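Residue-level listing of the chains:
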Amino acid sequence: MAGEPEHLEDAEVIPITRARSSREPSHEPFPEPLPDDDDRLAEFLAFLRRRLSGEYEVDEFGFDRELTDKVLLELIRPLYRRWFRVETVGMRNVPDDSGALIVANHSGTVPLDGLMLQVALHDDHPERRAIRLLGADLVYKLPVLGHLSRKTGHTLACREDADRLLRKGELVGVFPEGFKGVGKPFTERYKLQRFGRGGFVASAIRAGVPIVPCSIVGAEEIYPKIGELRFLARTLGLPYLPITPLFPWFGLLGLVPLPSKWMIGFGEPIRTDQFDPSEADDPMLVFNLTDQVREVIQQQLDELRLQRGHAFPPFF
């Protein structure tokens, strides 16, 4: 039904930078010159003119690629590169130009893992792929966050949207643990929670696309959750309101994530194209595939934690 999961220590590591000996012959083209201040200003003014005149495109889900690439990713890229020092492993397992379902563990108390996954696939994949994350209802009930999520390519976690995106050849991302994963206490770090009813597997079978298991190491340490403010969370309509070693004791300063070292690994794809689309309604098949994906992600997490080592290595 699927190949053996790839061991992450044998997978290709895509480093952030690559040092080359001065004696090594270079076959690379000369780097393009950096744009000067006038070029940057002209580009910014052209971008601003397009925004004000409405001369930009969005897809049927509201995805604004230009806004995402030129604004959102630029804002969060320093967090990805310098604060969390993210490395990616096994990026070759993500298809270049066809649909796939990326299934990842969810953690961090504040779900920054989705943003880091978005930067990873855009910056470190050779085809600079955009991932369309499926979000919880709560995200789209919040006026600003819901609108911004749609602008950056994400949509509601429902069967109809998932099926349409996958059939269009998009890269779709899902966190099956939901709030159970992102809000779990620090004592349960890197232990996967239940994966729900496997709706993501059914969508992959209907579209005939591979499932790519994804493991994210590093998010568990950014806001170690040691307790909850349950009454206040219920009052605000939130699934939880965390207590961490720094929040709420240090106020806004306590919202700064700790600079843990991150690694994001992509495992060997699990094929679904050998199934007939009608088999997506077979609960036993869906359950078995869901359980297989969960086991692969847990194995990858354990291996990737060993490969990463200390959560807070020195800065260089």
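Residues numbered from 1 in each chain as written. Predicted model: local features only at pLDDT ≥ 70, side-chain atom pairs only at ≥ 80, totals over all residues. Heavy atoms only, no water.

Visitor: Could you clarify how one ought to interpret the overall build of the chain in this entry?
Guide: The secondary structure content of the chain amounts to ten helices and ten strands. Each of the 316 residues in the chain was classed as buried or not, and the buried ones make up 47%. In the chain, the proportion of contacts linking residues at least 24 apart, taken out of those at least 6 apart, comes to 79%. For the chain, the accessible surface area stands at approximately 17,100 Å², while carbon and sulfur atoms represent 59% of it. (Helix = DSSP H or I, 4+ residues; strand = E, 2+ residues; numbered from the N terminus. Buried < 20%, exposed > 50% of the residue type's maximum accessible area, 1.4 Å probe, protein only. Contact = heavy atoms within 4.5 Å. Areas by Shrake-Rupley, 256 points an atom, 1.4 Å probe, with all protein chains shown as cover.)

Visitor: I keep staring at helix α2 (residues 65–83) and nothing clicks. Help me out?
Guide: Since there are 3.6 residues in each turn of an α-helix, residues three or four apart along the chain are aligned in direction. Taking 1.5 Å per residue, 19 residues should reach 27 Å; α2 reaches 25 Å between its end C-alpha atoms and fits that length. All of the buried residues along α2 are Glu 66, Thr 68, Leu 72, Leu 73, Ile 76, Arg 77 and Tyr 80. Count one or two residues on from α2 and you reach Arg 85, which has phi positive near 45°. (Expected span 1.5 Å × (residues − 1).)

Visitor: Would you mind showing me how to read unusual backbone geometry here?
Guide: For residues other than glycine, phi is negative in most cases, and the peptide bonds are mostly trans. The peptide bond linking Phe 247 to Pro 248 adopts the cis configuration, its omega dihedral lying at 5°. Its location among the elements puts Pro 248 in the loop between β9 (242–243) and β10 (263–266). Although it is not a glycine, Arg 128 sits at a positive phi angle of roughly 50°. The topology assignment puts Arg 128 in the loop between α3 (113–123) and β4 (131–135). Overall, the relative accessible area of 46% leaves Arg 128 in the partly exposed class. One non-glycine residue, Tyr 190, lies in the positive phi region at around 60°. Among the structural elements, Tyr 190 can be located in the loop between α7 (179–182) and α8 (199–207).

Visitor: Explain the confidence of the model for the chain to me, please; I cannot follow it from the model alone.
Guide: Interpretation of the predicted coordinates at a detailed level should be avoided for regions scoring low in pLDDT. Put simply, the chain has an average pLDDT of 87, and 88% of its residues get 70 or more. Across residues 1–31, confidence stays below pLDDT 50; counting only partners more than four residues off in sequence or on other chains, it has 51 contacts. (pLDDT = per-residue confidence, 0-100.)

Visitor: Could you clarify how one ought to interpret the pairing of β4 in this entry?
Guide: On any regular strand, side chains alternate: one points to one face of the sheet, the next to the other face. Most of β4 sits out of view: five of its five residues are buried. Neither face of β4 is left uncovered, since the one carrying Ile 131, Leu 133 and Gly 135 and the one carrying Arg 132 and Leu 134 both have all their residues buried. Of the pairings in the sheet, the one linking β4 to strand β6 (residues 171–174) comprises three bridges and is parallel in character. If you follow Arg 132 over to β6, its bridge partner there is Val 172. Direction of pairing for β4 relative to strand β5 (residues 155–156): parallel, over a ladder of two bridges. Paired with Leu 134 across the two strands is Thr 155, which belongs to β5. (Pairing = 2+ DSSP bridges.)

Visitor: What should I look at first to understand empty space enclosed by the protein in this one?
Guide: Once rolled over the atoms, a probe with the size of a water molecule shows which space is left empty. If you walk through the whole model with that rule in mind, you get four cavities of 30 Å³ or more. Volume-wise, the largest cavity comes out at about 50 Å³. Lining of the largest cavity is provided by Ser 107, Gly 108, Thr 109, Gly 181, Val 182, Lys 184, Pro 185, Phe 186, Glu 220, Tyr 223, Pro 224 and Lys 225. (1 Å grid on protein atoms, 1.4 Å probe; cavity = no way out; pocket = protein on both sides within 12 Å on 5 of 7 lines; lining within 4 Å. Points joined across faces, edges and corners; volume = space filled by probe spheres on them.)

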